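Residue strings, one per chain:
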Amino acid sequence: MKVRQAVMGDASEISLFLEQLASLGKRSIPSDPDFVRTHYIEHTDNIQCAVAEDEDGTILGLQILKIASEGNTYGVDVGWGIIGTHVKPDAARRGVGKTLFVATRKVAIDAGLKRIDATIAATNSDGISYYAALGFRTYRTPDGKICKYFEVAP
Ligand SMILES: CC(C)(COP(=O)(O)OP(=O)(O)OC[C@H]1O[C@@H](n2cnc3c(N)ncnc32)[C@H](O)[C@@H]1OP(=O)(O)O)[C@@H](O)C(=O)NCCC(=O)NCCS
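None of these values were measured; they are calculated from a predicted model.

A.B. asks: Explain the overall build of the chain to me, please; I cannot follow it from the model alone.
C.D. replies: Within the chain one finds four helices and seven strands. Element order for the chain, N to C, with α for helix and β for strand: β-α-α-β-β-β-α-β-α-β-β. A compact globule built from 154 residues should have a C-alpha radius of gyration of about 15 Å, and the chain, at 14 Å, falls within 12% of that. Structurally, the chain occupies a C-alpha span of about 40 × 35 × 30 Å along its principal axes. By the burial criterion, 44% of the 154 residues in the chain qualify as buried. Relative to all contacts within the chain whose residues are 6 or more apart in sequence, the contacts with residues 24 or more apart total 58%. Carbon and sulfur atoms provide 51% of the accessible area of the chain, an area that totals close to 8,100 Å². In the chain, the 18 positive side-chain charges and the 19 negative ones have mean positions that sit 7 Å from each other.

Structure follows, in structure tokens:
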């Protein structure tokens, strides 16, 4: 498995597995290629958008790290990181998410981030377990969400 920077040409392939997640009830926001481009690959607050790919170049998952800007939709303190992770259903529990976070954590350290927020739907037990396994801890629980943080530089 290799981790690399996402490029605009990845949007269609990413969109396909986001649609799969949606059809499994694991996603409720848009999954089309334009959404992938504007919200993940080239979001204005991006610090990094990384993809993990198989030996044959198949994209297995992506992880986005953004900086929390003034008025961000998650209500996260300005200057924290905000993380999002999406793994192809047939690649789940193979360490894709864990591998992506090794790269993201390095980038967070280089960017001087102190904390990273993960906002997860309270019903999303996969996401909650995943971030807990990486060392994220719950710090607030607004309307149907669990917000966890990761201490980048204690
Ligand atoms: C949550 C998600 C990102 C996990 O990705 P993944 O590549 O399957 O995770 P990994 O294989 O790296 O798992 C790392 C650890 O997280 C925990 N974990 C991950 N998925 C889990 C699950 N479904 N149930 C329980 N624990 C889980 C485990 O401790 C796991 O280690 P282990 O397999 O050695 O026990 C993936 O299931 C996904 O994309 N889900 C849909 C989108 C989503 O919910 N994103 C996150 C919230 S926004």
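A.B. asks: Where do I start with the pairing of strand β3 (residues 59–67) in this structure?
C.D. replies: Summarising burial for β3: eight of the nine residues are buried, a large majority. Connecting strand β2 (residues 46–53) to the next strand, β3, in antiparallel fashion are five residues, including Gly 57 with a positive phi near 90°. Pairing geometry for β3 and strand β4 (residues 81–87), over seven bridges, is antiparallel. When the bridges of β4 are listed, Gly 61 appears paired with Val 87.

A.B. asks: Hey, could you run me through the pairing of strand β7 (residues 145–151) in this one?
C.D. replies: Looking down a regular strand, the side chains alternate between one sheet face and the other. The buried fraction of β7 is high, at five of seven residues. Where strand β5 (residues 115–121) and β7 come together, seven bridges link them in antiparallel fashion. Pairing of Thr 119 across the sheet is with Cys 147, part of β7. Note that strand β6 (residues 137–140) and β7 share three bridges and pair antiparallel. Note on β7: the bridge partner recorded for Arg 137 is Tyr 149. Between β6 and β7, which pair antiparallel in sequence order, lie four residues; one of them, Gly 144, sits at a positive phi of approximately 75°.

Basis of the calculations
- Residues numbered from 1 in each chain as written.
- Predicted model: local features only at pLDDT ≥ 70, side-chain atom pairs only at ≥ 80, totals over all residues.
- Heavy atoms only, no water.
- Helix = DSSP H or I, 4+ residues; strand = E, 2+ residues; numbered from the N terminus.
- Rg over C-alpha atoms; globule rule 2.2 N^0.38 Å.
- Buried < 20%, exposed > 50% of the residue type's maximum accessible area, 1.4 Å probe, protein only.
- Contact = heavy atoms within 4.5 Å.
- Areas by Shrake-Rupley, 256 points an atom, 1.4 Å probe, with all protein chains shown as cover.
- Lys, Arg positive; Asp, Glu negative; His and termini not counted.
- Charge placed at Lys NZ, Arg CZ, Asp CG, Glu CD.
- Pairing = 2+ DSSP bridges.

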